Structure formats: C-alpha cells, structure tokens
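Topology and contacts: notes
Next come the chains, spelled out residue by residue.
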Amino acid sequence: MPIAPHTPAPHGLSEELFARARRVIPAGVNSPVRAFGSVGGTPPYIASAAGALLTDVDGREYVDLVGSWGPMILGHAHPQVVEAVQQAASRGLSFGAPQPQEVALAEEVIARIGPVEKIRMVNSGTEAVLSALRVARGATGRDVIVKFAGNYHGHVDALLAEAGSGLATFGLPGSAGVTAGTAQDTVVLPYGDRAAVQELFAARGSEIAAVIVEAAPCNMGVVPPSSEDGLGFTPFLHDLAHEHGALLITDEVLTGFRATRTGYYGIDGPGGTDGTQQNWAPDLMTFGKVIGGGLPVGAFGGRADLMDLLAPLGPVYQAGTLSGNPLATAAGLATFAGLDEAAYQQLGATSQALQDLVSEALNAASVPHVIQRAGTLFSVFFRSEPVRNYADAQEQDTDAFGRFFHTMLEGGVHLPPSAFEAWFVSTAHTDQILDRIAEVLPSAARAAAAR
Ligand SMILES: *Cc1c(COP(=O)(O)O)cnc(C)c1O
C-alpha cells in the first residue's frame, strides 16, 4: 500500500519506543495493522486509557475510535469491568480446572443468541474459527471450506487463501507458509455473488464441509449483506449449504454483541430488523472481541449435536490451558452486565451522530465518500459508489484517507489506521467527546480533498 505523503511530526517517546521495538519485534508490532503501514508515520505508544480517551507516552490525549478493534464497547478501564477483573485476580489467575464464571458466561451467550445451544471458550477469535472449522469437518467427514474474498477470519491457515483462476477451482495460499494442500481445501468466492455460490455447489457440493462468512463483513470496511427477494445473503448461504449436506458458520467475532445486543443475527435472523421474514439459524457461530471485554477471549458455539462432537464426548479434539480463564471470563461477564438494551440504543445514536458529522465535513470539502453500516458499526469509504465486495473496497482513494487520518491524529482523534476498517464507538463516547471530533473533522476533510 502507498505511504501517505503527509509526514506527521515526531512524537518523542513513541518514536524511541518504535525504533527499539523494530529491533526486537518484526515491524515493531504484535499485529500488522498497528505498524501504520498503510498510512505511514509512527504509531503513538499508549500509556493509559479511560472512557473514550487514550493517552500516549508523550502525554498526548486522543479520542479513541478503535476501541481495541471492538472489545472496549463500554469504554476503556470501565470501573465495573476493572473491579471484576481485580477481584478475580485476587482469587487466583488461572486454575486449569473448571470455575464458576465460565458457566455464567456460557449461559449469558446462550440466553442472547438463539442458535447457540452449547459453547466453548478459547483465547482468540482465530482459535474460535479454527476450532469451528474442525467441528464442521468432523461432523460432515468432508474437507472443503468455502469463504469470501475480503472476509477476515483471523490468521487460520485454511482461511489465508486467495481465489484461484476459475470460480469453482481450489484456492491458492494467501500467505507464505500456508501449504498448497491446505489452500486446496479452501474455495474463495466474491462476497455477495449468489450465482458463484450456486455454481460451486452444483459442481462440488458433496465435497463441501462448510461455508464460513462474516455475519456482516467489517474487515474490508463495513459491507452489510444484501437482500434479494426478501432473502438475505447469509440465509441464502444457509439454505444452499443445507441442500447439499454442508454447514454454515457465521463469524460474529467482530459483530457479536456489537452490531446489536444479539450481533448481526439480531438484524438478519428471525424477527430481525432488516425487514425480511426468513427463519434460519447458522449451525456454528464464532465470537471474540466484546465477549472478552478486552482480555484475550474467543468462543465458538452452535447446535448441541455438533458441539457434542468435541472431546471428551466425541472424536473432534480441542483443548486449551488457559481457556475459560477466570480473569477473562470476569471481564466478559462484567462487560455483558453493562450491555443492556439502553446501551445499544445509546451506541446506535452515537454511531449515527458521528456518521452525520463525518458526512457533513466531507461533503463541505467535496470529498467523495460513502458511509456503510451494520447495526451500530460503520465505516467510511473514500469513493462515491457503494461497496458491495472486496473488489469495490479496493477502489478507494487510500491516499485521501491517509491525509484525513493524519490530520485527525494530529488533532487528537485516533482512527483505525487503514481505510479498510470499521470505526468503533463506545458508551463512553458522550456528546462532549463527539464535539471534540467535530472540531477536527473540517480540517481533516480539507486535507483529504487537497492533492
Ligand atoms: C478480529 C476477527 C477475527 C480474529 O480474532 P482474533 O482475536 O484477532 O484472533 C476473526 N474474525 C473476525 C470477523 C474478526 O473481526
């Protein structure tokens, strides 16, 4: 990706830390997007965070619109969440044995999300996805997984594949270190392309273990699933997969307990708000981010008969030394305790108000853009046409985004450092916080417009 021409002022201690980090950590970071590769410059090193604000090691304060990529839905260092973790810590950090709060967290998820009859905790979204794939393959005795371009499911080998030349062909490794054999069991299709999915199932339906899809893709920017003739894309996948004896896995690692109280399933599931009347349920679902309230947690769950295939009941092996960890489950439970219907209403209103502010500023500076949303999630694409798939998402003015991003950062607003990411608000993003963002937006919009 091109480096934005704008070079931000050096930030003393962050610069020093980044230089030290690059000597001992690849690119200086423990997850690639943090390196600012697509926007250029030095990432601020964060010393502390509270509510909607981050403070970096140089004492500069930022309004945070990343929220650790989703988990900090109640804001940073929320008193009840911190207190719950501190109390849990004082009782012991990890037991390697069952503990009460993992039961309560499983019950909470099951109470919210109809299709989840049983659930297992893991330590990341990636681990949730790879475990769900193993269950699907174990249940069907089949190998092939279907995924969609621009959908991210963590760094699972089988899902780091890219589309082959023909639609119904095998995938190619999408990363060095992924074997051709692994990628061959993955087929990558354009998101939202119903004809391509139908063609694939007609040709190879009996080989397909599962289709995995983001409940609403948010990792190429937010691209909500389309509805055709009253049938949403995800329930369409469900029906087709089931006709061929395959399973549907919806990845709600990002949208779960964030898009709505019940994730994106609250929008396109039965009784959802997208206006369709479809009655369907994914066979398996994956969770992460919000479910851990900021600690390393993922989970996968779904139909009891599938989940009971897991060891020690069944033949599908899966385990974890720290899974169901007492601190992590305490943080998750305390976060859920703050996420009632009123919290989601507030998140929705804040998200809408921020979208309006961004649109107003970009319109005033005549910057082409589209805002797309999935419940309380949204993203801003720097192009004039709607984005329906990954090819569309790649057709944006990423240089304009880079200029916009750095002006916002200099003005004290910490956006996701890539044009391909959702923006995250929290219940701590009050009107005063929105005012601070509104002050910076006009100059950032003018920077985006300048060439
Ligand atoms: C973040 C994410 C993952 C991976 O979760 P990690 O905890 O980063 O491993 C998987 N799927 C989706 C949709 C995500 O947004």
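Look up: the structure comes first, before these words.
Below: a short report on this structure.

**Looking at the sheet that holds strand β8 (residues 186-189)**
One open sheet accounts for seven strands, arranged β4-β14-β13-β12-β9-β5-β8; its pairing is mixed. Each edge of the sheet is formed by a strand with only one pairing partner; in this case those strands are β4 (118-122) and β8. Direction aside, the axes of adjacent strands within the sheet are offset by 20° on average. Relative to the sheet, helix α3 (residues 100-112) contacts β4 and β13 (284-287), its axis offset from that of β4 by approximately 130°. Lying on the sheet, helix α6 (residues 194-204) is in contact with β5 (144-148), β8 and β9 (208-214); it crosses β8 at an angle near 155°.

**What to know about the pairing of β13**
The side chains of a regular strand alternate between the sheet's two faces. Here β13 shows two buried faces, one formed by Leu284 and Thr286 and the other by Met285 and Phe287. As defined by bridge partners, strand β12 (residues 247-251) adjoins β13 across three bridges and the pair is classed as parallel. Each bridged residue has a counterpart across the sheet, and for Thr250 the counterpart in β13 is Met285. For β13 and strand β14 (residues 298-302), the ladder comprises four bridges, and the chain directions are antiparallel. Paired with Leu284 across the bridge in β14 is Gly302.

**Considerations on helix α13 (residues 398-410)**
Along an α-helix, a turn takes 3.6 residues, which lines up residues three or four apart on a common side. Between the first and last C-alpha of α13 there are 18 Å, a value that for 13 residues agrees with the 18 Å anticipated at 1.5 Å per step. Every buried residue of α13 is accounted for by Thr398, Ala400, Phe401, Gly402, Arg403, Phe404, Phe405, His406, Thr407, Met408 and Leu409. Where α13 is buried, its residues contact β3 (61-64), α11 (341-364), β17 (413-414) and α14 (431-449). Note on α13: the residue one or two positions beyond its end, Gly412, has a positive phi of about 90°.

**Observations regarding the environment of Ala447**
Secondary-structure assignment places Ala447 in helix α14. Classification of Ala447 by relative accessible area gives buried; the value is 18%. Along the backbone, Ala447 and Gly174 are 273 residues apart, and their C-alpha atoms lie at a distance of 34 Å. The residues contacting Ala447, other than those within four sequence positions of it, are Arg403 and Thr407.

About the cut-offs
Residues numbered from 1 in each chain as written. Predicted model: local features only at pLDDT ≥ 70, side-chain atom pairs only at ≥ 80, totals over all residues. Heavy atoms only, no water. Pairing = 2+ DSSP bridges. Helix = DSSP H or I, 4+ residues; strand = E, 2+ residues; numbered from the N terminus. Axes fitted to C-alpha atoms, helices over the stretch in contact; angles between N-to-C directions. Contact = heavy atoms within 4.5 Å. Buried < 20%, exposed > 50% of the residue type's maximum accessible area, 1.4 Å probe, protein only. Expected span 1.5 Å × (residues − 1).

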